[in-house]
Amino acid sequence: MADDGDSCLEDEQVAIVTEKLALIMTSPTPVSHVQLACCSSHCAFPWQGNELRVYINNDFGAKPLKLIGHHENISALAFGTRQDPFLLCSASNDYVIVWDIERCYRRDIEGLTASGVVIGTCLGRVQHLSLCSENEKVAVCSGVKTYILHMQKKELIISLSGHLGAVTAAEFCPWTGHILVTTSEDRTFKVWDLRTEETLYQSAVLSASPLLSLFISAEKRQLVTGSANGQVWAFSLPDDFRCRMVTRVDLQKVEQRRLKHVEGSPVNEPERQLQCLFPGSVHGEQADTVEISRPILRISPCSVLPSSVHDQERGGNFYWIGSSDSLYVLDIDAAELRTTLYLKDYPNLTISMAGSWAIHEGDKGKTLCLMSSPFESAIALFEVQVPEYSFSPCPWEEILSVIPSGPLLPESPLNAVLVKKEVSKVSKVSKPIQKPGPDVKVALKDRPVTFHQRVKSSGYTTRPWNCTSKASSQKKNTALIKTRKKIRGIFPEYAEDSGVPTVLCNQASTAERPIPVCCLQYSGDGKQILCGLGNASALLYKSTLTGTPAVYTGHDGPINSVDWSFNRQWVVTSSEDRTARVWPIGNAEPTLIMGGEKFPKPVKSAQFYYLDKFLLLSSGNALHLYLYHLDMARDDIKRYHQKSLCKLVGKFKMSSGTDITCTSAINQLYSYIVLAAGVDRSVEVFDMNVGHICADIPDAHTRAVHHISQNQGSMFSSQTHDLYSLFLTSAATDGLKLWDLRTLRCVRRYEGHTNRCHPCSSTFSPCGRYIATGSEDNCAYIYDVRSCTYLHKLQRHSDTVLTVAFNPAKPELVMGTLDGKLQLFRPSDGAAVL
């Protein structure tokens with residue numbers, strides 16, 4: 001009866017599946033849609049319609065416990081959450097009965113008939129049962145109503161009605177016993193307060209198919225629900241129970257993407273099933289395929305232990321998903337499948353299709369799965385043991401890191417040095433001096449009186465050296481002390497314990513007419529803000545958004561990016577006019593103009609790199625690395641002749657040849673890593689130390705990534721080295737994803753904001769705890785890095801928020817909108833509200 005099998009798990013991991021029990025009933029009564037029950041010690045299911053069989057999980061050779069009391073066919077079963085007393089609740093059209101399992105065992109040993117307690121009668125066909133954590137109340141879902149029964153008083157407490165379709169599932173809130181959540185075939189869920197019998201929250205219509213399953217996580221404070229067409233939603237449950245959608249997963253799309261990556265070929269699931277049914281068919285042949293839905297029949301928590309220290313720090317939010325022909329491990333935070341077990345891949349299993357599931361996770365990574373067949377009266381119980389899941393890298397040999405782990409290679413492009421050309425001075429050949437004739441008049445030239453270029457001062461205006469007063473000495477000492485204090489306080493610590501900037505304290509308008517603010521960036525000391533506009537100009541503001549900004553004009557197209565140098569003396573801008581310009585602070589004329597034939601396509605991004613040693617630009621399908629020399633000297637006659645120069649060190653192309661949409665690199669330290677996103681939805685990692693691509697993420701989003709943001713921290717705050725491996729990617733219609741560079745896996749997904757068409761950007765806070773992003777609903781959102789739901793929703797914007805930036809020195813947040821408005825937010829403590 002037992003059999004071990006292999007499955008096509010990711011990273012060549014193998015799950016061990018062992019069938020423990022398989023029973024086929026002679027009764028024609030179907031058990032396909034009956035709610036089964038399974039816990040750590042026992043499993044229970046209907047037998048021959050109106051009887052119950054209870055088995056001990058560790059001893060299937062023992063005689064099962066037979067429970068008789070129903071006259072109609074049993075339709076739902078549920079175990080209690082406590083072991084003392086250990087209760088089982090069963091329901092049919094006639095009765096709802098509670099069984100004390102320990103008492104029933106004792107009576108069976110004594111030779112007496114085991115009996116239960118009837119707590120409800122004639123409630124109709126029950127689809128779902130759920131017991132509260134105190135084992136006092138039972139939620140009975142029958143038709144469009146949900147009945148709340150008291151087990152001790154044996155009476156009906158509340159009857160809840162409000163759904164327009166049959167109620168399919170109900171769960172009590174684990175941390176608040178008077179809160180109940182129900183799902184229905186009307187494609188909505190409701191949050192009920194049992195004390196007032198009122199609805200605290202009702203969702204919108206989530207899907208075109210009914211909602212079938214529900215689970216509430218006490219650890220994450222979330223509810224997870226699934227529909228008949230393979231959609232999974234996760235909602236947060238705050239204290240006021242006003243639910244917010246955290247993420248939505250289309251199981252079929254995620255599965256197809258996983259199969260494409262794991263198996264290395266774009267085979268979709270219908271083709272895969274046809275190959276399983278017809279092994280002789282050749283891949284690639286034209287065949288009529290049908291789309292198979294993935295009903296979410298059961299949702300259960302999964303706590304597969306990670307095998308590395310990095311995985312333990314990362315955590316996870318995993319769930320077992322039971323469908324009609326498969327069993328999945330879904331990471332809700334990342335919206336990705338981690339493990340897939342196809343029942344067809346285990347030919348020795350008695351049942352290859354599931355009508356209902358009961359899943360319980362035991363110790364040491366072993367999970368018990370009880371399922372029924374949709375075509376016959378058959379029950380099977382099997383054990384799944386998934387190996388410790390590791391996020392260790394597979395396609396590359398070493399773990400990637402933003403902070404370099406070794407020195408530069410001798411042939412590294414980063415070793416390049418700019419050699420200036422020296423103008424050789426040609427010495428003139430001296431001619432013999434000829435004395436003029438007596439008739440030749442010689443014009444005398446003016447010559448200096450002394451033989452030196454400088455003459456020492458007489459010293460009449462200086463103080464005598466021996467006349468230093470006590471007052472001047474004290475003044476000098478006071479000035480020295482002030483200077484020392486100023487130097488000591490150049491880099492004050494970032495106030496990490498301060499609140500989140502949520503209060504609007506100042507705003508400014510960049511122009512009289514609406515002009516989009518395309519990009520924003522603070523200077524390294526947080527005292528100035530540089531913003532690029534859609535009218536081909538850049539503005540330099542004070543960090544308080546007060547005063548008249550400095551204007552930088554010269555581009556002929558919208559500004560794509562702006563960037564500060566590490567020494568805060570220069571800024572670089574890139575534009576759609578295929579040029580990049582370097583500007584000195586305090587001067588409206590560019591010192592260096594890069595363009596012309598160098599870039600056949602618009603320069604999407606330009607920034608200083610490797611502590612201002614290089615300029616890194618992206619245009620077309622390549623990254624351009626330049627050495628440069630900036631010279632501000634100008635000749636009044638040759639005013640437009642620039643003495644600055646640049647030299648191309650290397651040109652690094654995308655592996656697929658696609659155009660680059662955005663790039664990111666850290667300039668605050670000597671980092672070799674450069675991230676680049678392409679039009680083909682991929683993200684590639686360049687190692688500038690070796691000068692080529694070291695890793696890539698194919699199909700990072702469903703659309704092309706339009707913005708990449710790395711966790712760069714600031715000089716005012718310190719973070720652990722692991723946090724610098726995090727980066728964000730944004731794509732229209734596909735939300736915001738958080739990635740770990742060490743594994744190149746999506747570790748979390750943020751979908752609370754709206755981003756359908758505009759290139760809304762995102763950024764990390766200097767402390768690394770928060771994420772801010774723009775949105776198209778005239779708001780900005782602040783997320784906690786550790787949670788998928790947003791913390792604050794910043795409103796009072798006049799148009800779409802395109803770009804956001806955190807102040808590196810203070811807890812301040814500035815954002816720019818589509819109509820050219822800048823708004824500054826600070827924490828509520830001490831901020832002046834406008």
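Residues numbered from 1 in each chain as written. Predicted model: local features only at pLDDT ≥ 70, side-chain atom pairs only at ≥ 80, totals over all residues. Heavy atoms only, no water.

(A) Representation of helix α1 (residues 101-109) within the structure. Taken as a whole, α1 has its buried residues at I101, C104 and Y105. Buried residues in α1, looked at end-on, bunch into an arc of 100°, giving them a common side. Elements in contact with the buried residues of α1: β3 (42-47), β4 (51-56), β5 (65-68), β7 (87-92) and β8 (95-100). Looking one or two residues beyond α1, the residue adopting positive phi is G111, at roughly 85°. (Buried < 20%, exposed > 50% of the residue type's maximum accessible area, 1.4 Å probe, protein only. Helix = DSSP H or I, 4+ residues; strand = E, 2+ residues; numbered from the N terminus. Arc of directions from axis to C-beta. Contact = heavy atoms within 4.5 Å.)

(B) Structural view of the packing of aromatic side chains. Inspection of every chain in the model, using the stated rule, returns 17 aromatic pairs. Seen in terms of ring centroids, Y552 and W583 are 5.3 Å apart; in terms of plane orientation they differ by 70°. Their pairing is edge-to-face. Of the two residues, Y552 sits in strand β33 (residues 550-553) while W583 sits in strand β36 (residues 580-584), which places them 31 residues apart along the sequence. The class for Y552 is buried, based on a relative accessible area of 3%. Relative to F614, the ring of Y610 lies with its centre 6.1 Å away and its plane at 55°, an arrangement referred to as tilted. One exposure class covers both Y610 and F614, and it is buried. Among the aromatic side chains, those forming a connected cluster through ring pairs are Y609, Y610, F614 and Y670. (Phe/Tyr/Trp six-rings, centres within 6.5 Å; stacked < 30°, edge-to-face > 60°.)

(C) Geometry of the pairing of strand β31 (residues 528-533). By the criterion of burial, β31 is predominantly enclosed, with five of the six residues buried. As defined by bridge partners, strand β30 (residues 517-522) adjoins β31 across five bridges and the pair is classed as antiparallel. Its bridge partner being in β31, L520 is matched across the sheet by C531. Bridge analysis of β31 against strand β32 (residues 537-542) gives five bridges, and the strand direction is antiparallel. Bridge assignment links C531 to a residue of β32, and that residue is L539. Linking β31 to β32, which pair antiparallel, is a turn of three residues; within it A536 sits at a positive phi near 70°. (Pairing = 2+ DSSP bridges.)

(D) Main features of the nonpolar core. The biggest cluster of nonpolar side chains holds 22 residues, and the ones touching the most others in it are W320, L327, L341, W357, F382 and V384. Per element, the largest residue contribution to this core is four residues, and it comes from strand β28 (residues 378-385). Every residue in contact with W357, bar those within four places of it in the chain, is listed here: L297, R298, G322, S323, S326, L327, L343, C369, L370, M371 and F382. Counting 20 residues, the second largest nonpolar core, distinct from the first, contains V402, I666, I673 and I697. (Core = buried A, V, L, I, M, F, W, Y, C linked by side-chain atoms within 4.5 Å.)

(E) Expanded view of the side chain of S717. Inspection of the secondary structure puts S717 in the loop between β46 (705-710) and β47 (726-731). A distance of 2.8 Å separates a polar atom in the side chain of S717 from the backbone oxygen of P766. When near neighbours in sequence (up to four residues on either side) are disregarded, S717 contacts Y494, E496, P766 and C767. (Polar contact = N/O pair within 3.5 Å; in protein donor to acceptor, adjacent residues only side chain to side chain.)

(F) The confidence of the model for the chain, seen in detail. Averaged over every residue, the pLDDT of the chain is 84; residues scoring 70 or more account for 82%. A low-confidence stretch, residues 423-431 stays under pLDDT 50, and its non-local contacts, those more than four residues away or across chains, total zero contacts. (pLDDT = per-residue confidence, 0-100.)

(G) The arrangement of the sheet that holds strand β45 (residues 692-697) in detail. Read across the open sheet, the four strands follow the order β42-β43-β44-β45; overall the sheet is antiparallel. The open sheet terminates on both sides in strands that have one partner only, identified here as β42 (660-665) and β45. Averaged over all pairs of adjacent strands, the angle between strand axes in this sheet comes to 25°, irrespective of strand direction. Where strand β44 (residues 683-687) and β45 come together, five bridges link them in antiparallel fashion. When the sheet's bridge partners are listed, E684 is paired in β45 with D696. (Axes fitted to C-alpha atoms, helices over the stretch in contact; angles between N-to-C directions.)

(H) Inspection of the sheet that holds β46 at higher detail. Read across the open sheet, the four strands follow the order β46-β47-β48-β49; overall the sheet is antiparallel. Of all strands in the sheet, those bounded by a partner on one side alone are β46 and β49 (745-750). Direction aside, neighbouring strands of the sheet carry axes that sit 25° apart on average. The sheet contact formed by strand β48 (residues 736-740) and β49 spans five bridges and is antiparallel.

(I) Fine view of the environment of C104. In this fold, C104 is placed in helix α1. Sequence separation between C104 and L67 is 37 residues, and the spatial gap between their C-alpha atoms is 8.2 Å.

(J) Quick peek at unusual backbone geometry. Residue P85 follows D84 across a cis peptide bond; omega there is -5°. Tracing the chain through its elements places P85 in the loop between β6 (74-79) and β7. With phi around 60°, N135 is a residue other than glycine that occupies positive phi space. Position of N135 among the secondary structure elements: in the loop between β10 (126-131) and β11 (137-142). Accessibility expressed as a relative area gives 7% for N135, which makes it buried. Of note, the phi angle at R796 is positive, near 65°, even though the residue is not glycine. Summarising the element assignment, R796 is placed in the loop between β53 (790-794) and β54 (801-806).

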